[in-house]
Amino acid sequence: PVVLIVEGFLLFYDEQLADMLDLKVWMKSSYETCLLRRHKRGKGSRKKSVETSEAWFRELVWSHYERYRGRQLSNAADALHLDGEAERHEVLDHCLERCHKLLESRRPKTGVVLQPRESLKRRRDDGDERSTRGARGRYR
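Here's a quick rundown of the structure. (Residues numbered from 1 in each chain as written. Predicted model: local features only at pLDDT ≥ 70, side-chain atom pairs only at ≥ 80, totals over all residues. Heavy atoms only, no water.)

**Let's talk about the overall build of the protein chain**
Here is step 1: For the protein chain, the helix and strand inventory stands at four helices and four strands.
Here is step 2: Overall, the protein chain shows an N-to-C arrangement of helices and strands of α-β-α-α-β-α-β-β.
Here is step 3: By the burial criterion, 19% of the 140 residues in the protein chain qualify as buried.
Here is step 4: A fraction of 58% describes how many contacts in the protein chain between residues 6 or more apart in sequence connect residues 24 or more apart.
Here is step 5: For the protein chain, the accessible area works out to roughly 10800 Å², and carbon and sulfur atoms hold 52% of it. (Helix = DSSP H or I, 4+ residues; strand = E, 2+ residues; numbered from the N terminus. Buried < 20%, exposed > 50% of the residue type's maximum accessible area, 1.4 Å probe, protein only. Contact = heavy atoms within 4.5 Å. Areas by Shrake-Rupley, 256 points an atom, 1.4 Å probe, with all protein chains shown as cover.)

Written as structure tokens, this is what we have:
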């Protein structure tokens, strides 16, 4: 199976796009948490203070989030709702569980057998474990 992860704060705004997604996750976080995360990953923002970026974030990003929140939730009525303030491993566990169930439900009667979360780590011949997530696959 092919798994493609798409993210964006207005991702579910377009109903047609939302309908193309087999699994939707809605992460609810506070204004402060979203501001800090956006600041940390922004290009060049590490050179600025959070306060410098806050007006832009509040007026552009957060205002659009609030404005289109209802429409997005309507377009993603079947989304898995998660607490963005929860520990990273909790969020990941919930997402992996839902993804695993979806993939299992679509698995042909014969073929690939999906393994539980513990098997997401590959073991090399020498017994060393490496995560299957890439550098950009980390949780923010």
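**Concerning the packing of aromatic side chains**
Here is step 1: Under the counting rule described, the total for this entry stands at seven aromatic pairs.
Here is step 2: On the basis of an interplanar angle of 80° and a centroid distance of 4.9 Å, the ring pair of Tyr-13 and Tyr-68 is categorised as edge-to-face. Separated by 55 residues along the polypeptide, Tyr-13 in the segment before helix H1 (15-20) and Tyr-68 in helix H3 (residues 50-75) bring together distant segments of the chain.
Here is step 3: Consider the rings of Trp-62 and Tyr-65, whose centres lie 4.6 Å apart with planes at 40°: the pair is tilted. Residue Trp-62 and its partner Tyr-65 are located together in helix H3, separated by three residues, close to a single helical turn. Each member of the pair Trp-62 and Tyr-65 is classed as buried. (Phe/Tyr/Trp six-rings, centres within 6.5 Å; stacked < 30°, edge-to-face > 60°.)

**Structural notes on the side chain of His-39**
Here is step 1: Among the structural elements, His-39 can be located in helix H2 (residues 31-41).
Here is step 2: Here the side chain of His-39 touches Ser-53 through a polar contact of 3.4 Å, side chain to side chain. (Polar contact = N/O pair within 3.5 Å; in protein donor to acceptor, adjacent residues only side chain to side chain.)

**Comments concerning the pairing of strand E2 (residues 80-83)**
Here is step 1: Because side chains alternate across E2, one face comprises the buried residues Leu-80 and Leu-82, and the other comprises His-81 and Asp-83, none of which is buried.
Here is step 2: Sheet analysis places strand E1 (residues 25-28) next to E2, joined by four bridges and oriented parallel. Residue pairing across strands places Met-27 opposite Leu-82, the latter belonging to E2. (Pairing = 2+ DSSP bridges.)

**Some thoughts on H2**
Here is step 1: Within the sequence span of H2, burial applies to Tyr-31, Thr-33, Leu-35 and His-39.
Here is step 2: Buried-residue contacts for H2 involve H3.

**A closer look at the nonpolar core**
Here is step 1: Judged by nonpolar contacts, the single largest core of 13 residues is most densely connected at Phe-12, Trp-26, Tyr-31, Phe-57 and Trp-62.
Here is step 2: Residue assignment for this core shows that the elements contributing at least two residues are H2 and H3.
Here is step 3: For this core, the element with the most residues is H3, which contributes four residues.
Here is step 4: Sequence-distant contacts of Tyr-31, that is, excluding residues within four places in its chain, are made with Glu-54, Phe-57, Arg-58 and Trp-62. (Core = buried A, V, L, I, M, F, W, Y, C linked by side-chain atoms within 4.5 Å.)

**Regarding the packing of H2 against H3**
Here is step 1: The interhelical angle for the contact between H2 and H3, taken along N-to-C directions, is 115°, at an axis separation of 10 Å. Between H2 and H3, the crossing angle belongs to the class labelled roughly perpendicular. With respect to the hand of their crossing, H2 and H3 are arranged in right-handed fashion. Contacts between H2 and H3 involve Tyr-31, Cys-34, Leu-35, Leu-36, Arg-38 and His-39 from the former and Val-50, Ser-53, Glu-54, Trp-56, Phe-57, Arg-58, Val-61 and Trp-62 from the latter.
Here is step 2: Looking at the contact of H2 with H3 residue by residue, the class counts come to nine nonpolar, two polar and three charged. (Axes fitted to C-alpha atoms, helices over the stretch in contact; angles between N-to-C directions. Parallel < 35°, antiparallel > 145°, perpendicular 65-115°, else oblique. Left-handed = near helix turned anticlockwise from the far one by under 90°. Nonpolar A, V, L, I, M, F, W, Y, C, P; charged D, E, K, R; others polar.)

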